[in-house]
Amino acid sequence: NAGVTQTPKFQVLKTGQSMTLQCAQDMNHEYMSWYRQDPGMGLRLIHYSVGAGITDQGEVPNGYNVSRSTTEDFPLRLLSAAPSQTSVYFCASSKTGVHYEQYFGPGTRLTVT
Amino acid sequence: SQKIEQNSEALNIQEGKTATLTCNYTNYSPAYLQWYRQDPGRGPVFLLLIRENEKEKRKERLKVTFDTTLKQSLFHITASQPADSATYLCALGFNAGKSTFGDGTTLTVKP
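Residues numbered from 1 in each chain as written. Chains lettered and ligands numbered in written order. Predicted model: local features only at pLDDT ≥ 70, side-chain atom pairs only at ≥ 80, totals over all residues. Heavy atoms only, no water.

## Considerations on the pairing of strand E2 (residues 10-14) of chain B
All names here are of chain B.
In step 1: Every second residue of E2 is oriented toward a common face, the buried set being Leu11 and Ile13 and the non-buried set Ala10, Asn12 and Gln14.
In step 2: Where E2 lies against strand E11 (residues 105-110), 5 bridges are found, and the strand directions are parallel. Considered in E11, the bridge of Ile13 is made with Val109. (Buried < 20%, exposed > 50% of the residue type's maximum accessible area, 1.4 Å probe, protein only. Helix = DSSP H or I, 4+ residues; strand = E, 2+ residues; numbered from the N terminus. Pairing = 2+ DSSP bridges.)

Below, the structure written as structure tokens:
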């Protein structure tokens, strides 16, 4: 199993550009989520999904869109990049239901200039 | 307001000693609490989960306690080793499946 994979590893964008961060998992997990982590801080939930076709907002959703057309993939779209979106982005997956640990991808380091 | 606080940003201890990390929260009612380890440039890795009706969990040299009255979890690493040096994150879990993370504590174990 590859676990949770994310691409790209690094990305530099100019203000106003759009892009999609890719996330895939091969563990047949229903639950997937996107977090951002700023220096010296914990993870903040952007969006999450409890299954294909179902998504919901986390605590910092503005400026980001998600969709979940398959169980395996959960892409995160930045609509119009802003310097405030400079961060490290982590995708995670887990079994649905309560009390399951999350498996994290290696992260995407995004810089917006 | 809702808040999660992990003890001071950095904790330095001597090899062989017990490291104790704290996670306090206010205005949350979590169904469970998790601890993760994060190394520089890597994603968090799950360590332990404790449910609201459990007082203590152990896994090898790790022990976690959960006091819902005090709204606090303690995470202990016994016989610490330099390889235990990392940032440790606590996360509150809720029945909807969402998690809320603290800012983490960076542990340095000196030989």
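## So, the interface of chain B and chain A
Reports of interface size often rely on the accessible area that becomes lost once the parts have come together.
In step 1: On the side of chain A, 19 residues touch chain B, which itself brings 20 residues to the contact.
In step 2: Summed over both partners, the interface of chain B with chain A comes to about 1600 Å²; 53% of that surface belongs to carbon and sulfur atoms.
In step 3: Interface area lost by chain B to chain A is led by Lys98, Phe101 and Asp103 of chain B, which between them contribute 27%.
In step 4: Linking chain B with chain A are 0 salt bridges.
In step 5: At the junction of chain B with chain A, the criterion picks out 5 residue pairs in polar contact (both at pLDDT 80 or more). (Contact = heavy atoms within 4.5 Å. Buried area = accessible area lost by both parts, 1.4 Å probe. Salt bridge = Lys/Arg side-chain N within 4 Å of Asp/Glu carboxyl O. Polar contact = N/O pair within 3.5 Å; in protein donor to acceptor, adjacent residues only side chain to side chain.)

## Thoughts on the sheet that holds strand E1 (residues 3-6) of chain B
Neighbouring strands of a sheet are bound in pairs by backbone hydrogen bonds; such pairs are parallel or else antiparallel.
All names here are of chain B.
In step 1: Strand order across the open sheet formed by 5 strands is E1-E3-E8-E7-E6, with antiparallel pairing between neighbours. Lying at the two open borders of the sheet, with one neighbouring strand each, are E1 and strand E6 (56-59). Strand-to-strand twist in this sheet, taken as the mean axis angle between neighbours without regard to direction, amounts to 15°.
In step 2: Relative to strand E7 (residues 62-67), E6 runs antiparallel, the two sharing 4 bridges. Counterpart to Lys57 in the pairing with E7 is Val64. (Axes fitted to C-alpha atoms, helices over the stretch in contact; angles between N-to-C directions.)

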